[in-house]
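Commentary on secondary and tertiary structure
Here are the chains, one letter per residue:
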Amino acid sequence: MTFDAILEKITARFPGVTFTKGETKPDPFIALPKEKIVDVVKYLNELGFESLHCISGVDYPKTNTTEVVYHVASFQHRTTVCLKVILPRGDGQSIPTLCGLYRGANWLEREVFDMNGVTFEGHPDMRRILCPEDWVGYPLKKDYVTPDFYKGMPVPLYFADQGEAGDPGQPSPAGGGH
Amino acid sequence: MATLDTEQPLAKHQATENLRTDELLLNMGPQHPSTHGVLRVIVKTDGEIVKAAHPEIGYLHRCFEKHSENVDYMSVMPYVDRLDYLASMNNEQGFAIAVEKMLGLEVPRRAEYIRVIIAELQRIASHLMAFGTYGLDLGAFTAFMYGFRDREMILDIFESVCGARLLYNYMWIGGVARDITPDQVRMIKSFCEYFKPKIDEYNTLVSYNKIFIERTRDVGVIDLDTCKSYGLTGVMLRAAGFKWDLRKDMPYSIYKELEFDVPVGNGEQGTLGDCWDRHIVRMREMAQSVRIIEQLIDGIPAGPSRGKIGKVPKPPAGEHWSRTECPRGELGFYIVSDGSTNPYRVKCKSPCFMNVATLNDLSHGVMVSDLIATLGSFDIVLGEVDR
């Protein structure tokens, strides 16, 4: 099943809902409103996309958006489809949970919450998963500032004193340069 | 000296209605040999029976994704090594393939051959580790010694090939860091010759051992529906009887040209998808890996071992989701590029992360010892769970 066929089927199944095709290369994506994410993933399941592989959060300060990216895979069609919900940036963004459809969504969503600060409505256990529970801030936000201390202990981080993250002129902390 | 009155004390407590067993909250880990790293499982037990087990992860979190945003694509490679540190070569292959796809880069045939040979050797090494430590979990120390003996030979080959024994930084974007020499080819060939009969030996020693079967059959059963609901991949999925291997079904690199079988569990010792099935799928996969290496080792084409690529790769703006078959399941990389030298975002979807997530569902009403057997059969590496 090609990407366009999937998009066509979804558009036909949910009339009145805007699905935007994202022309990114090499993989395109389907952007959809957050209210429809549960229904669309459920419909994709009926189409044979039975496996929720990944949920990622991506922060875009330039366009002032936060994207929640879903990768749903199919065994029978041998392909993966990428769905995106584009939220406005800022604190307290929320999106419906997929825990009712996939049990694997539980931990995947917790990780997005932990790293990007997006909450999932109806999630049974919305806690941090990788960082300590009292950690402040969401590390994968682009404007995240690493705290100098955690419970009185200095945080030894390579990038703490190296200026803006992502500056290409910075020496790499390990590996690469040697 | 007071004598022990054997008649009296029991009779005192005959009224059992008031007797209530207390639930005990037990912390398994973070430093516990059977958790294979720093995993903490909060186990609620009633005597020997587990009521609930909540895995707590994050003790080995090293901000891989954040680090990746701050260095260029080539410099991410050493970090990728440290995800699943028992299968570093497979991780590197996965990341390299993802970036090459974004760059639209062809990898020289010689490099592809070397990569697949090395990746399959690493798969054997990783499965040997799984076999050894699983034996250890169940009280069979012998398996551990045999597994490590043979893994050592593979590590010697890797040391000769790239200079490191655990964290290699060997597969680079566009090819491999160093070409392999005829001497190393001979080493790999003699290892395959040596190792082929060993698999049967280990099966006799461990897999078909009566005690081992009794400990693992019907324990920790994960059926196909659970697998799909959790998005499990790799050995977990195949042990549930589902024939799915990315190398076969969505082939990357040169796997399309190779002949090998995909072993699946068939519940021959108990229930489909139990611990024994997962164990035997690993054992059988090792034989297939040897088969793959033998098909390639004599015909490595001449040519460069690394393609023409600038010092700092710069993929055009865009995004890519790539999956490769690692020993523990499908390793996914979601890479977003904004056209600069550093990745804008790297998301790593590790197979073990989902494997650990299933633990709570499997633990209701089982014995504590079965919980250990189940956890061991997942073959988790915490470096990959926590990233």
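Residues numbered from 1 in each chain as written. Chains lettered and ligands numbered in written order. Predicted model: local features only at pLDDT ≥ 70, side-chain atom pairs only at ≥ 80, totals over all residues.

Observations regarding the overall build of chain A
Counted only if it meets this: Only DSSP runs of H or I with at least four residues qualify as helices, and only runs of E with at least two residues qualify as strands; both kinds are numbered from the N terminus onward. Comment: burial labels come from other C-beta atoms within 10 Å of the residue's own C-beta, placed from the backbone, where a count of 20 or more is buried, 12 or fewer is exposed, and between is partly exposed. Residue pairs qualify as contacts under a 7 Å threshold applied to their C-beta atoms, which are placed from the backbone.
Summing up its helical and strand segments, chain A has three helices and nine strands in all. The linear arrangement of helices and strands in chain A, starting from the amino end, is α-β-β-α-β-β-β-β-α-β-β-β. Relative to its full complement of 178 residues, chain A shows a buried share of 33%. Considering only contacts within chain A whose residues lie at least 6 apart along the sequence, 50% involve residues at least 24 apart.

Observations regarding the overall build of chain B
Going by this rule: As defined in this context, the radius of gyration uses C-alpha atoms, and a globule is described by 2.2 Å times the residue total to the power 0.38.
When helices and strands are counted, chain B shows 16 helices and eight strands. Taken over the C-alpha trace, chain B has a radius of gyration of 23 Å; the compact-globule value for 387 residues is 21 Å, and the two agree within 12%. Residues classed as buried in chain B amount to 52% of the 387 residues present. In chain B, of all internal contacts separated by at least 6 residues, the share reaching a separation of at least 24 is 71%.

A word on the interface of chain A and chain B
Selection rule: Classes in brief: Ala, Val, Leu, Ile, Met, Phe, Trp, Tyr, Cys and Pro nonpolar; Asp, Glu, Lys and Arg charged; the others, Gly included, polar.
Contacts between the two partners involve 36 residues from chain A, matched on the other side by 42 residues from chain B. Within the residue set of the side of chain A that touches chain B, elements represented by two or more residues are strand S3 (51-60), strand S4 (65-74), strand S5 (79-88) and helix H3 (105-116) of chain A. A per-element tally of the side of chain A that touches chain B places S3(A) first, with six residues. Looking at the side of chain A that touches chain B, its residues break down into 18 nonpolar, 13 polar and five charged.

Concerning the packing of helix H12 (residues 275-297) of chain B against helix H15 (residues 368-378) of chain B
Residue and element names in this part refer to chain B. The cut-off we apply is this: Helix axes are fitted only over the stretch in contact, all axes being lines through C-alpha atoms; the angle between N-to-C directions runs from 0 to 180 degrees. Convention used here: angles under 35 degrees read as roughly parallel, angles over 145 as roughly antiparallel, angles from 65 to 115 as roughly perpendicular, and any remaining angle as oblique. The hand of a helix crossing depends on one turn: near helix anticlockwise from the far one by less than a right angle means left-handed, and clockwise means right-handed.
Where H12 contacts H15, the two axes come as close as 9 Å, and the packing angle between them is 30°. Classed by the angle they form, the pair H12 and H15 counts as roughly parallel. Handedness of the crossing formed by H12 with H15: left-handed. Residues Cys-275, Arg-278 and His-279 of H12 lie in contact with H15, whose contacting residues are Ala-373, Thr-374 and Ser-377. The class makeup of the residues in the contact of H12 with H15 is two nonpolar, three polar and one charged.

Section: the nonpolar core
This is how it is decided: For this analysis, nonpolar core means a set of buried Ala, Val, Leu, Ile, Met, Phe, Trp, Tyr and Cys residues linked through C-beta atoms within 7 Å.
Within the largest apolar cluster, 140 residues are counted, with the highest numbers of intra-cluster contacts made by Val72(A), Leu83(A) and Val99(B). Among the elements that take part in this core, helix H5 (residues 109-137) of chain B stands out by supplying 15 residues, more than any other. Setting aside chain neighbours within four positions, we find Val99(B) in contact with Tyr73(B), Ile173(B), Pro313(B), Pro315(B) and Ile335(B).

Thoughts on the confidence of the model for chain A
Put simply, the rule is: The pLDDT value expresses, per residue, how confident the predictor is, ranging between 0 and 100.
Residue-level pLDDT values for chain A average 82, and 87% of them are 70 or greater. Under a pLDDT of 50 for its full length, residues 163-178 of chain A has, in the predicted model, 26 contacts with residues more than four places off or in other chains.

With respect to the environment of Asn64(A)
Residue and element names in this part refer to chain A. Along the polypeptide, Asn-64 turns up in the loop between S3 and S4. Under the C-beta neighbour-count criterion, Asn-64 is labelled exposed, with 9 such atoms within 10 Å. Through-space distance from the C-alpha of Asn-64 to that of Thr-119 is 18 Å; in sequence the pair is 55 residues apart. Discounting residues that sit within four places of it in the chain, Asn-64 has contacts with Pro-88 and Arg-89.

Digging into unusual backbone geometry
Generally, phi is negative for residues other than glycine and the peptide bonds are trans, each holding for most cases. Following Lys25(A), the chain continues to Pro26(A) via a peptide bond in cis, the omega torsion being -5°. A positive phi is found at Cys63(B), a non-glycine position, where the angle reads about 55°. By secondary structure assignment, the location of Cys63(B) is in the loop between strand S3 (49-56) and helix H2 (64-69). Positive phi is not limited to glycine here, since Ser253(B) has a value of about 50°. Structurally, Ser253(B) is set in the loop between helix H11 (246-249) and H12. Looking at Ser253(B), the number of C-beta atoms within 10 Å reads 19, which means it is partly exposed.

Some remarks on H3(A)
An α-helix turns once every 3.6 residues. As a result, residues three or four positions apart point the same way. Which entries qualify depends on this criterion: Expected helix span is given by 1.5 Å per residue-to-residue step, counting one fewer step than there are residues.
In this model H3(A) runs 16 Å from its N-terminal to its C-terminal C-alpha over 12 residues, within 8% of the 16 Å that 1.5 Å per residue would give. Of all the 12 residues making up H3(A), 12 are buried; the element is thus mostly covered by neighbouring parts of the structure. Turning to H3(A), its buried residues are Ala105(A), Asn106(A), Trp107(A), Leu108(A), Glu109(A), Arg110(A), Glu111(A), Val112(A), Phe113(A), Asp114(A), Met115(A) and Asn116(A). Residues of H3(A) that are buried in the fold lie against S3, S4 and strand S7 (119-121) of chain A together with helix H13 (351-357) of chain B. Positioned one or two residues after H3(A), Gly117(A) has a phi angle of 75°, which is positive.

Here we look at the packing of helix H7 (residues 182-207) of chain B against H12(B)
Residue and element names in this part refer to chain B. Packing of H7 against H12 leaves a shortest axis separation of 10 Å and a crossing angle of 160°. By the angle between their axes, H7 is roughly antiparallel relative to H12. Note that H7 runs across H12; the crossing there is left-handed. Residues Val-185, Ile-188, Lys-189, Cys-192, Phe-195, Lys-196, Ile-199, Tyr-202, Asn-203 and Ser-207 of H7 touch H12, and the partners they reach there are His-279, Ile-280, Met-283, Met-286, Ala-287, Val-290, Ile-293, Glu-294 and Ile-297.

Side note on helix H3 (residues 73-81) of chain B
All names here are of chain B. H3 sits mainly inside the fold: nine of its nine residues count as buried. Among all positions in H3, only Tyr-73, Met-74, Ser-75, Val-76, Met-77, Pro-78, Tyr-79, Val-80 and Asp-81 are buried. Next to the buried residues of H3 lie H2, helix H4 (88-103), strand S4 (171-172) and strand S8 (345-349).

Let's talk about the pairing of S8(B)
Residue and element names in this part refer to chain B. We apply this condition: Note on pairing: DSSP must find at least two bridges between two strands before they are called paired.
Taken across its five residues, S8 has five buried, putting it largely inside the fold. Examined bridge by bridge, strand S7 (residues 329-337) and S8 share five bridges and lie antiparallel to one another. Bridging from a neighbouring strand, Val-336 pairs with Arg-345 of S8.

Topic: the environment of Ile292(B)
Residues and elements named next belong to chain B. As for its placement among the helices and strands, Ile-292 is situated in helix H12. We classify Ile-292 as buried; it has 21 C-beta atoms within 10 Å. Each C-alpha atom, one on Ile-292 and one on Asp-261, is 9.9 Å from the other, the two residues being 31 residues apart in sequence. Apart from the residues within four sequence positions on either side, Ile-292 is in contact with Val-116, Glu-120, Leu-258 and Phe-260.

Notes on the sheet that holds strand S1 (residues 24-28) of chain B
Residues and elements named next belong to chain B. Read from one edge of the open sheet, three strands run S1-S2-S3, paired in antiparallel fashion. The open sheet has two free edges, formed respectively by S1 and S3, since each of these has just one partner strand. When the angles between neighbouring strand axes are averaged without regard to direction, this sheet yields 20°. With seven bridges joining them, strand S2 (residues 40-46) and S3 adopt antiparallel strand pairing.

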